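Coordinate analysis (summary)
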Amino acid sequence: MEYKEHPNNKIKHWSEGIAYEIAFWNNVYRWKNTFSGMMGWSNHCQIIKLENFDCNRFLTSCQTEPNVLDIGCGMSYTTGNYIKPENGAQRAVNIHYVDPLAPFFNDILKRYSSRIKKRLGYMLPDIEFGMVEYISSFYPHNTVDLAIIQNALDHSALPIKGLLEAIECLKTGGKLYLNHHPNEAETEHYKGFHQYNINNENGKLIIWNKNERHDINSLISQFADITVSTGIDKHVIAVITKRNNVPCELLNHKEDKQYLCRQMMTEIINGTKINNFIKWKLKYWTYNIIQFFIQSLSWERKMKIKRLIKQTNDNNR
Ligand SMILES: C[S@@+](CC[C@H](N)C(=O)[O-])C[C@H]1O[C@@H](n2cnc3c(N)ncnc32)[C@H](O)[C@@H]1O
């Protein structure tokens, strides 16, 4: 049950993906057609639906009002936020949209609020700040019925820690739902947030990169059950059910505090250096200009290009 995943340098590496992510969403919301295309794809204000998992049934069977997290939600609002009991009316569910880039994303929501209201007739909910690696400090243990992570665990700095922390938040019997592109870091050549691959190897959930390999089925076997399946476009889907608390030796909150204090000091020191500030601004504006043109294309054309790139990558493997 031991695992080694040292945070040194990983958060720094991770932070290098931030500029791209903000520039991407800023331009998705900037262009009317792209924003409309994305909202057509989103499930906001619809019944919650997850591939290979009947989450509506699971949530309607909860004894109390279900508490749901969408961790690493981005700005796509892909997860529906209504449930419908078999013999009852549909109703909104308490869903927290969580992302470490929440302060930036909420600025984007504010900037384009009139476009959002005009297209949808209402305002999209704000995003709450939280990082999957420390999520049990944001949503205390044993309080969550369903945690959803889609295309985000492999974007985090410490995915194994993130996964354990997400299980820690769950009530006993609660579910962690994961849905990810297979081996995304390989596809994206280990750029930006893409430092880890997630794969389904004969029913085992494997998280790996060039330096590490973790078999999640055996790591969590003493306190959780896991079902791994394959979805559309070979997506790797895992449904994890918590049986017991995550053992303390796997989650060291004291070590976390020490590490985060060091990280804070490093960032303060870095922040005093003018060249870091210029580097960050240059990087953000370069991505922002590139994304300005990319996101001006229609949603359908972008999806077509994405499919073509994927096909080429698959053929080259
Ligand atoms: C590709 S987007 C996916 C957004 C959304 N879940 C979807 O499927 O449309 C990846 C998201 O993961 C978030 N992310 C990156 N690192 C994270 C971390 N350590 N904890 C939680 N979310 C993280 C990013 O900010 C980004 O919004």
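Scroll up a little and you will see the structure.
These numbers were taken from a predicted model, which means no experiment stands behind them. (Residues numbered from 1 in each chain as written. Predicted model: local features only at pLDDT ≥ 70, side-chain atom pairs only at ≥ 80, totals over all residues. Heavy atoms only, no water.)

**Brief notes about the pattern of salt bridges**
Quick note on the threshold: We define a salt bridge as a contact between a side-chain nitrogen of Lys or Arg and a carboxyl oxygen of Asp or Glu at a distance within 4 Å. Strands are runs of DSSP state E lasting at least 2 residues, helices are runs of H or I lasting at least 4, and numbering of each runs from the N terminus. Under the scheme applied here, a residue whose accessible area is under 20% of the maximum for its type counts as buried, over 50% as exposed, and between as partly exposed, the area being computed with a 1.4 Å probe on protein chains only.
Enumeration over the complete set of coordinates arrives at 8 salt bridges. The shortest N-O distance in the salt bridge between Arg243 and Asp225 comes to 2.5 Å. Highlighted residues: Arg243 in the loop between β12 (236-242) and α10 (253-271) and Asp225 in strand β11 (residues 224-230), separated in sequence by 18 residues. Residue Arg243 is classed as partly exposed on the basis of its relative accessible area of 32%. Accessibility expressed as a relative area gives 39% for Asp225, which makes it partly exposed. Overlapping salt bridges, with partners in common, bring together Lys161, Glu165 and Asp256 in one network.

**Re the site of the ligand**
As a reminder, the rule being used: A single heavy atom is enough: if one lies within 4 Å of a molecule or strand, its residue is considered near that molecule or strand. We call two N or O atoms a polar contact when they sit within 3.5 Å, provided that within protein one can donate a hydrogen and the other can accept it, with sequence-adjacent residues counted only if both atoms are side-chain atoms. Only the protein chains shown count as cover for residues, and the accessible areas themselves come from Shrake-Rupley with a 1.4 Å probe. Residues are grouped as follows: Ala, Val, Leu, Ile, Met, Phe, Trp, Tyr, Cys and Pro are nonpolar; Asp, Glu, Lys and Arg are charged; all remaining types, including Gly, are polar.
Taken together, 19 residues lie around the ligand, and Gly72, Ser76, Asp99, Glu133 and Gln150 are the ones closest in. In this structure, an oxygen atom belonging to the ligand sits 3.4 Å away from a main-chain N or O atom of Gly74. For the ligand, an oxygen atom lies 2.7 Å from a polar atom in the side chain of Asp99. With the chains in place, 92% of the 590 Å² that the ligand exposes on its own is no longer accessible. Its residues assigned to classes, the shell around the ligand comprises 9 nonpolar, 7 polar and 3 charged.

**Let's talk about the side chain of Glu165**
We apply this condition: The contact rule is simple, with two residues in contact once any of their heavy atoms fall within 4.5 Å.
Tracing the backbone shows Glu165 in helix α7 (residues 159-169). Judged by relative accessible area, which is 1%, Glu165 ranks as buried. A distance of 3.3 Å separates a polar side-chain atom of Glu165 from the backbone nitrogen of Ile135. If we skip the residues at most four places from it in the chain, Glu165 touches Val132, Glu133, Tyr134, Ile135, Ser136, Ser137, Leu251, His253 and Asp256.

**Considering the side chain of Asn27**
Its place among the elements puts Asn27 in helix α2 (residues 18-30). Since its relative accessible area comes to 0%, Asn27 is described here as buried. Once residues lying within four places of it in the same chain are set aside, the contact partners of Asn27 are Asn288, Gln291, Phe292 and Gln295.

**Thoughts on the packing of aromatic side chains**
Here is the rule: In summary, the pairing rule links any two rings of Phe, Tyr or Trp, Trp by its six-membered ring, whose centres are within 6.5 Å, and it sorts them by plane angle into stacked for under 30 degrees, edge-to-face for over 60 and tilted for everything else.
Under the defined criterion, the tally for this structure stands at 14 aromatic pairs. Taken together, a centroid distance of 5.5 Å and an interplanar angle of 85° make the contact between Tyr20 and Tyr287 edge-to-face. Here the residue Tyr20 occupies a position in helix α2, and Tyr287 occupies one in helix α11 (residues 274-294), the gap between them amounting to 267 residues. The interplanar angle of 45° and the centroid separation of 6.0 Å between the aromatic rings of Phe53 and Phe58 together place this pair among those described as tilted. Both residues of the pair, Phe53 and Phe58, count as buried.

**A few points about the sheet that holds strand β9 (residues 204-208)**
Keep this limit in mind: Any two strands with at least two DSSP bridges between them are considered paired. Axis lines are fitted through C-alpha atoms, for helices just across the contact stretch, and the angle between N-to-C directions can take any value from 0 to 180 degrees.
Within the open sheet, the 3 strands sit side by side as β8-β9-β10. Their pairing is antiparallel. Two strands in the sheet have a free side with no partner beyond their single neighbour: β8 (197-201) and β10 (213-215). Going across the sheet, the axis of each strand differs from the next one's by a mean of 25°, ignoring polarity.

**Some points on the packing of α2 against helix α3 (residues 32-41)**
Operational definition: By the definition adopted for this analysis, an angle is roughly parallel if under 35 degrees, roughly antiparallel if over 145, roughly perpendicular if from 65 to 115, and oblique otherwise.
Between α2 and α3, whose axes approach to 5 Å, the crossing angle comes to 100°. The angle between the axes of α2 and α3 places the two elements in the roughly perpendicular class. Residues Trp25, Val28, Tyr29 and Arg30 of α2 pack against Lys32, Thr34, Phe35 and Met38 of α3. Looking at the contact of α2 with α3, its residues break down into 5 nonpolar, 1 polar and 2 charged.

**Some details on the sheet that holds strand β7 (residues 170-180)**
Pairing in this open sheet of 7 strands is mixed, and the strands run β5-β4-β1-β6-β7-β12-β11 from one edge to the other. Bordering the open sheet on either side are β5 (128-129) and β11, each of which pairs with just one other strand. Bridging between strand β4 (residues 94-99) and β5 involves 2 bridges; their strand directions are parallel. Bridge pairing links Val98 to Glu128 in β5.

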